[in-house]
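Notes for the structure review
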Amino acid sequence: MKRKIVFYGLLLCAMITQAQTARKFTINLTEDGKANMVGFLPEKPTGRAIVGVPGGGYSVLSNTHEGTLASDWLNKRGIAYFVVNYRMPKGDRTIPIGDVEKVMRMVRDSAEVWKVNPHDLGIMGFSAGGHLASVISTLSDFDARPDFSILFYPVISMDERVSHKWSCQNFLSKEGQKNPELVRKYSTNNAVRRHLTPPAIIITASDDPLVNPITNGLTYYKAMHDAGNECAYYSYPTGNHGFGFGPWFKYHNQMLTDLGNWLDYRPSPKADAIKVACIGNSITDGHGIDFAPANGYPAQLQKLLGEDYLVKNFGVSARTMLNKGDFPYMNEMAWKDAVAFKPDVVIIKLGTNDSKPENWQYNAEFKQDLKQMITTLRPDLLKPAKKGKKNKKTVVKNEGPQIFLCTPIKAFKPSWNISEEVIVNNIIPIQQEVAKEYNIEVIDLHTLFGEDQETMQDDGIHPNGKGVQKMAKIIADAITIEH
């Protein structure tokens, strides 16, 4: 009798799984099959997808309760799931990193076939897999980086004195452990970047004896919080280490509810949304605005434009257009990401910091550096215009995003040596000249933003909460007129 009950129970589980999972398949990542990906496509896809990265101390793979066991729960929610059975590093960290990056790119490249939204792809890692997921989230190129991260009791530090010794040694090698720069680089709390590191949820147990949550998961949370990035941290009273999606975990149901709520409240951008890249300095970055990623002008712009648009903030404080300035924007990871984003619309707001005497001494190169930025975004502007007959008028084919060039807002005070005189008499005229040459739009923030000091912070340079809303409205109006 007991055997029959067990048999029917297993049969029922199989039927439920089959009802939620429309297709299961395996793809080899290497010719020898030592690395592969197991995909679980839901019967009713929402477009959201997650790449699973099992743990195992970088020596084995715990790919059941920290891998395939999550498939049914995720598929029921309409989420496609892809488990990476990656190769062990054995001291060569590029091996597991390469395997996971390959899957991230594969899922995005196959988005249409697998009914996945390429802008709603997350990563979920456990223990050492949590470290690997955090490496992909912080250090990988834009096209392999996830849109959100789920980190179960993650190894974050590569310092074996405060982390899981074997994960550290297996990933970096024993020799690598002796290299402070390498340890620091791959302790991923040090790699978190404002705006660029995706939102995360961290799930741990307070009594974890293997991976200290205070020196690992909590350090990542602090780095995210300090950057103003979205991050949630759930620490359950007990659970030891390695509970994953196992039903034996005392707080299993609560954990699923917490994770499910976090996923449910995450916005899912439209797969065909018009992509808007906001490039700029501290005014774009959101200096002085509490939790700027959620409240700065690009975030306000997203609210105004609505779900048909996907706005991303690529602002970095103190940056210059000048490549010989003290902090050139085009040397930044944000610039590389902005180009890789392949935007449909670009808002460029740089020039304020260029007006400083220490930067403007290179003024002869400002025009050329501005043109370099524009033509990198629009290589077609370097080519002869393609002409054709259409109502007897010249037709120029655009092969890149629509660019809006913003003039700097008024500098009410000479804070940080910023010069209003240089902005008005030099920078704005050059911007207008280049915009005319390339036939791109100018948003005259210097005029339209006005001279209301109630919209400014005390430094007279950065807009306050009221000011960023005003800025966003001006830019939104310009974009929607064109679209």
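Structure shown above.
For clarity, every value in this text was computed on a predicted model and none was experimentally measured. (Residues numbered from 1 in each chain as written. Predicted model: local features only at pLDDT ≥ 70, side-chain atom pairs only at ≥ 80, totals over all residues. Heavy atoms only, no water.)

Of regular secondary structure, the chain possesses 17 helices and 13 strands. Taken against the 2.2 N^0.38 rule, which gives 23 Å for 483 residues, the C-alpha radius of gyration of the chain at 25 Å falls within 12% of a compact globule. Across its three principal axes, the chain shows a C-alpha extent of roughly 90 × 60 × 45 Å. Residues classed as buried in the chain amount to 56% of the 483 residues present. The long-range share in the chain, meaning contacts at least 24 apart out of those at least 6 apart in sequence, stands at 75%. Summed over all atoms, the accessible surface of the chain reaches about 22100 Å², with 51% contributed by carbon and sulfur. For the chain, the separation between the mean place of its 56 positive charges and that of its 52 negative charges on side chains is 6 Å. (Helix = DSSP H or I, 4+ residues; strand = E, 2+ residues; numbered from the N terminus. Rg over C-alpha atoms; globule rule 2.2 N^0.38 Å. Buried < 20%, exposed > 50% of the residue type's maximum accessible area, 1.4 Å probe, protein only. Contact = heavy atoms within 4.5 Å. Areas by Shrake-Rupley, 256 points an atom, 1.4 Å probe, with all protein chains shown as cover. Lys, Arg positive; Asp, Glu negative; His and termini not counted. Charge placed at Lys NZ, Arg CZ, Asp CG, Glu CD.)

Now for the pattern of salt bridges. One pass over the structure, following the stated rule, counts 24 salt bridges. Between Lys-410 and Glu-420 there is a salt bridge whose closest N-O contact spans 4.0 Å. With a gap of 10 residues between them, Lys-410 in the loop between β12 (402-406) and α15 (420-438) and Glu-420 in helix α15 connect regions that are remote in the sequence. The pair formed by Lys-410 and Glu-420 is uniform in burial state, with each residue classed as buried. Three or more residues joined by partner-sharing salt bridges are found here, namely Glu-101, Arg-105 and Asp-143. (Salt bridge = Lys/Arg side-chain N within 4 Å of Asp/Glu carboxyl O.)

On to unusual backbone geometry. Positive phi, normally seen in glycine, also occurs at Ser-173, with a value near 80°. Residue placement: Ser-173 occurs in helix α5 (residues 165-176). Positive phi outside glycine occurs at Asn-417, with the angle close to 70°. In this fold, Asn-417 is placed in the loop between β12 and α15. On the basis of relative accessible area, Asn-417 is assigned to the partly exposed category, the value being 46%.

Turning our eyes to something else, we now look at the sheet that holds strand β10 (residues 309-315). A sheet is described by the order of its strands in space; here five strands give the open sequence β10-β9-β11-β12-β13, paired in parallel fashion. Edge positions in the open sheet fall to β10 and β13 (441-443), since each of these has one partner strand only. Each adjacent strand pair in this sheet contributes to an overall mean axis angle of 20°, direction not counted. In the sheet, β12 pairs with β13 via three bridges, with the strands oriented parallel. Along β13, the bridge assignment pairs Phe-404 with Glu-441. Lying on the sheet, helix α11 (residues 297-305) is in contact with β9 (274-280), β10 and β11 (345-349); it crosses β10 at an angle near 170°. (Pairing = 2+ DSSP bridges. Axes fitted to C-alpha atoms, helices over the stretch in contact; angles between N-to-C directions.)

It is worth spelling out the pairing of β10 at this point. A large share of β10 lies buried, amounting to six of its seven residues. With seven bridges joining them, β9 and β10 adopt parallel strand pairing. Bridged to Gly-280 within β10 is Gly-315.

With 50 residues, the main nonpolar core has Val-51, Phe-82, Val-107 and Trp-114 as its most contacted residues. Ignoring anything within four residues of it in the chain, the contact list for Trp-114 reads Arg-23, Phe-25, Ile-27, Met-37, Leu-41, Phe-82, Met-106 and Val-107. Leu-196, Phe-314, Ile-423 and Ile-461 belong to the second largest nonpolar core, which has 40 residues in total. (Core = buried A, V, L, I, M, F, W, Y, C linked by side-chain atoms within 4.5 Å.)

Time to look at helix α3 (residues 94-109). Side chains of residues three or four places apart in an α-helix project in the same direction, reflecting 3.6 residues per turn. With 16 residues, α3 should cover 22 Å at 1.5 Å per step; its first-to-last C-alpha distance of 22 Å lies within 8% of that length. Along α3, the positions that sit buried rather than exposed are Pro-96, Ile-97, Asp-99, Val-100, Glu-101, Val-103, Met-104, Met-106, Val-107 and Arg-108. (Expected span 1.5 Å × (residues − 1).)

This paragraph deals with the environment of Ile-443. With respect to the helices and strands, the residue Ile-443 is situated in strand β13. Assessed through its relative accessible area of 3%, Ile-443 is described here as buried. For the pair Ile-443 and Phe-404, spaced 39 residues apart in sequence, the C-alpha separation works out to 6.5 Å. Not counting residues within four places of it along the chain, the set of residues in contact with Ile-443 comprises Phe-404, Leu-405, Cys-406, Thr-407, Ile-474, Ile-475 and Ala-478.

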